[in-house]
Amino acid sequence: MTTQAQQAQKDITSWASKDGQFKRLPSTFRSHIEQGGQFAPDKGRYILYVSLACPWAHRTLIVRQLKGLEAFIDVAVVHPFMGAMGWSFYPPIRGAEGEYPATTGETGPDDGMAGVIRDPLYDAKFARDLYFRADKDYSGRFTVPILWDKKTETIVNNESSEIIRMLNSEFNSELPSSFASLDLYPSSLRSDIDAQNSWVYDTVNNGVYKSGFATTQKAYEANVVPLFESLDRLEKILDGGKDYVVGEQMTEADVRLFTTIIRFDPVYVSHFKCNIGTIRKNYPNLNLWMKKLYSKYPAFKDTTNFEHIKAHYFTSHPQINPTRVVPVGPLPPIEAL
């Protein structure tokens, strides 16, 4: 292994920069599925490696189901706990008192966590193993989702925003019209979707992380205030009981926002100190919008796993929650429509 690759072995849970700000690194693998290209939209050729806890991976699961791609793209699901070695398909080692000892690659016995689907191709222990299989000199972060090509045995793409656009359009010629006709990125709304994605990503999707992983008061307040300003802005956009955040149809903007808002009250309010308000009490329009998507579209509900979500955040960030106690509430995790 090269020196660069060895550097990638550093503790993946070390987040903040020296100024206390959390700075997300760009994704590395950026190839594309397309007809006539290196990666053709062949049935059964690809697998998505995901975490049910991760909002970025959650996007891809929602779009996969909305577009009826379950038979085209397989799924493997990591365990919700993430330690210093990154995402694993196996449970962590636990001490006699339930503690999480530091390890260098060892994993624990099965803990009965429902929803985990181990790697069917290589029985990888960690997501990092897939990155090094694709590139032995890889030196970046070991993130999910991972869109993997079984044919060439490599990573096609690990950027969720690009993966969901591939799923939206590149398999349409192979799908029945009922699924092919659903367009989450219609040409008539693209400029509006792109504009909203830009500020929602920076201040909301990533804003919760920039607030939660801040290590100085200045950095925290510099991010949590814009976060709630953007929630206020979204609340106004949804005035009048609107069903969607851009236009009069579901778009990728709804998918991208939903995976943050569904986690907001159960996790971000307490764990990431995003507690200026809650969705259920302070944002009735956002709350209704979220509940409609969750209740009316199985792709949103079926792919939301509150057990994985809460277990991941509250046990995987000891610098934020050193006791690793997982709170019981809020109950219910999402209110009935």
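Residues numbered from 1 in each chain as written. Predicted model: local features only at pLDDT ≥ 70, side-chain atom pairs only at ≥ 80, totals over all residues. Heavy atoms only, no water.

Peer 1: How should the pattern of salt bridges be read in this particular structure?
Peer 2: Two side chains bearing opposite charge may form a pair once their charged atoms approach each other closely. Counted according to the given criterion, the structure contains 11 salt bridges. Each member of the salt-bridge network shares a partner with another, and the members are Asp42, Arg45 and Asp149. (Salt bridge = Lys/Arg side-chain N within 4 Å of Asp/Glu carboxyl O.)

Peer 1: Looking at this model, I keep getting lost on the nonpolar core. Mind explaining?
Peer 2: Generally speaking, a soluble globular protein has its nonpolar side chains buried in company with each other. If you look at the biggest cluster of nonpolar residues, it comprises 96 residues, and the most contacted ones within it are Leu231, Phe264, Leu286 and Trp289. The biggest single contributor to this core is helix H9 (residues 252-271), with 10 residues. Setting aside residues up to four positions removed in sequence, Trp289 forms contacts with Leu238, Asp243, Tyr244, Val245, Asp254, Leu257, Phe258 and Ile261. (Core = buried A, V, L, I, M, F, W, Y, C linked by side-chain atoms within 4.5 Å. Buried < 20%, exposed > 50% of the residue type's maximum accessible area, 1.4 Å probe, protein only. Helix = DSSP H or I, 4+ residues; strand = E, 2+ residues; numbered from the N terminus. Contact = heavy atoms within 4.5 Å.)

Peer 1: What exactly am I supposed to notice about helix H13 (residues 306-316) here?
Peer 2: Structurally, the α-helix is built with 3.6 residues per turn, so residues lying three or four positions apart point the same way. Counting buried positions along H13 yields 10 of 11 residues, so the element is predominantly enclosed. The opening residue of H13, the one whose side-chain oxygen lies 3.1 Å from the backbone nitrogen of Glu307, is Asn305. (Polar contact = N/O pair within 3.5 Å; in protein donor to acceptor, adjacent residues only side chain to side chain.)

Peer 1: Explain unusual backbone geometry here, please?
Peer 2: Looking along the chain, the bond that leaves Gly329 and enters Pro330 is cis, with omega of -5 degrees. In this fold, Pro330 is placed in the segment after H13. Of note, the amide linkage connecting Leu331 to Pro332 takes the cis form, showing an omega dihedral of -10 degrees. Considering the arrangement of structural elements, one finds Pro332 in the segment after H13. At Glu153, a residue that is not glycine, the phi angle is positive and equals roughly 55 degrees. Among the secondary structure elements, Glu153 is positioned in the loop between strand E5 (146-149) and strand E6 (154-157). Judged by its relative accessible area of 42%, Glu153 is partly exposed.

Peer 1: Is there a simple way to think about the side chain of His308 in this case?
Peer 2: Tracing the backbone through its elements, the reader meets His308 in helix H13. Residue contacts for His308: discarding those within four places in its chain leaves Leu52, Ala53, Val77, Val78, Pro80, Met113, Ala114, Gly115 and Val116.

Peer 1: Looking at this structure, how should I read the packing of helix H6 (residues 190-205) against H9?
Peer 2: Two measures define how a pair of helices packs: the angle their axes make with one another and the distance between the axes. Where H6 meets H9, the axes come as close as 10 Å, and the angle between the chain directions of the two elements is 10 degrees. Viewed along their axes, H6 and H9 adopt a mutual orientation that is roughly parallel. Within the contact between the two elements, H6 uses Ile193, Gln196, Asn197, Val200, Tyr201, Val204 and Asn205 and H9 uses Glu252, Ala253, Arg256, Leu257 and Thr260. Among the residues making up the contact of H6 with H9, the classes are represented as 6 nonpolar, 4 polar and 2 charged. (Axes fitted to C-alpha atoms, helices over the stretch in contact; angles between N-to-C directions. Parallel < 35°, antiparallel > 145°, perpendicular 65-115°, else oblique. Nonpolar A, V, L, I, M, F, W, Y, C, P; charged D, E, K, R; others polar.)

Peer 1: What is the right way to read the sheet that holds strand E2 (residues 73-77) from this model?
Peer 2: Sheet strands line up and pair through hydrogen bonds in the backbone, either parallel or antiparallel. Taken in spatial order, the 4 strands of this open sheet run E2-E1-E5-E6, and their pairing is mixed. Each edge of the open sheet carries a strand with a single partner, namely E2 and E6. Pairs of neighbouring strands in the sheet enclose a mean axial angle of 35 degrees, with direction left out of account. Bridging between strand E1 (residues 46-50) and E5 involves 4 bridges; their strand directions are antiparallel. Looking at E5, one finds that Leu48 is bridged to Leu147. The strands touched by helix H3 (residues 127-134) are E1, E5 and E6; relative to E5, the strand with the most contacts, the crossing angle is about 45 degrees. (Pairing = 2+ DSSP bridges.)

Peer 1: What is the right way to look at the pairing of E2 in this model?
Peer 2: Taken residue by residue, a regular strand's side chains alternate between the two faces of the sheet. The element E2 is largely enclosed, with a buried count of 4 among its 5 residues. In this sheet, E2 lies alongside E1 in parallel orientation, the contact comprising 5 bridges. Looking across to E2, one finds that Tyr49 is bridged to Ala76. In the classification by handedness, the crossover that spans E1, the intervening helix H2 (residues 55-66) and the parallel E2 is right-handed. (Right-handed = clockwise from strand over helix to strand, strands pointing away.)

Peer 1: What should I look at first to understand the packing of aromatic side chains in this one?
Peer 2: The geometry of an aromatic ring pair is captured by two quantities: the separation of the ring centres and the angle between the planes. Tallying each qualifying case throughout the model produces 27 aromatic pairs. Considering the side-chain rings of Phe228 and Phe264, the 5.8 Å spacing of their centres and the 75 degrees angle between planes classify their relative orientation as edge-to-face. One end of the pair, Phe228, is in helix H8 (residues 217-237); the other, Phe264, is in helix H9, and 36 residues separate them in sequence. Residue Phe264 is classed as buried on the basis of its relative accessible area of 0%. Site record: aromatic cluster; members linked through ring pairs are Trp56, Tyr201, Tyr209, Phe213, Phe228, Phe264, Tyr268, Phe272, Tyr283 and Tyr313. Lying across the ring of Phe72, Lys43 places its NZ or CZ 5.5 Å from the centre. The positively charged end of Arg165 is found above the aromatic ring belonging to Tyr185, 3.7 Å away from the centroid. (Phe/Tyr/Trp six-rings, centres within 6.5 Å; stacked < 30°, edge-to-face > 60°. Lys NZ or Arg CZ within 6 Å of the ring centre and 35° of its normal.)

Read these as layout, nothing more, since geometry by itself doesn't imply function.
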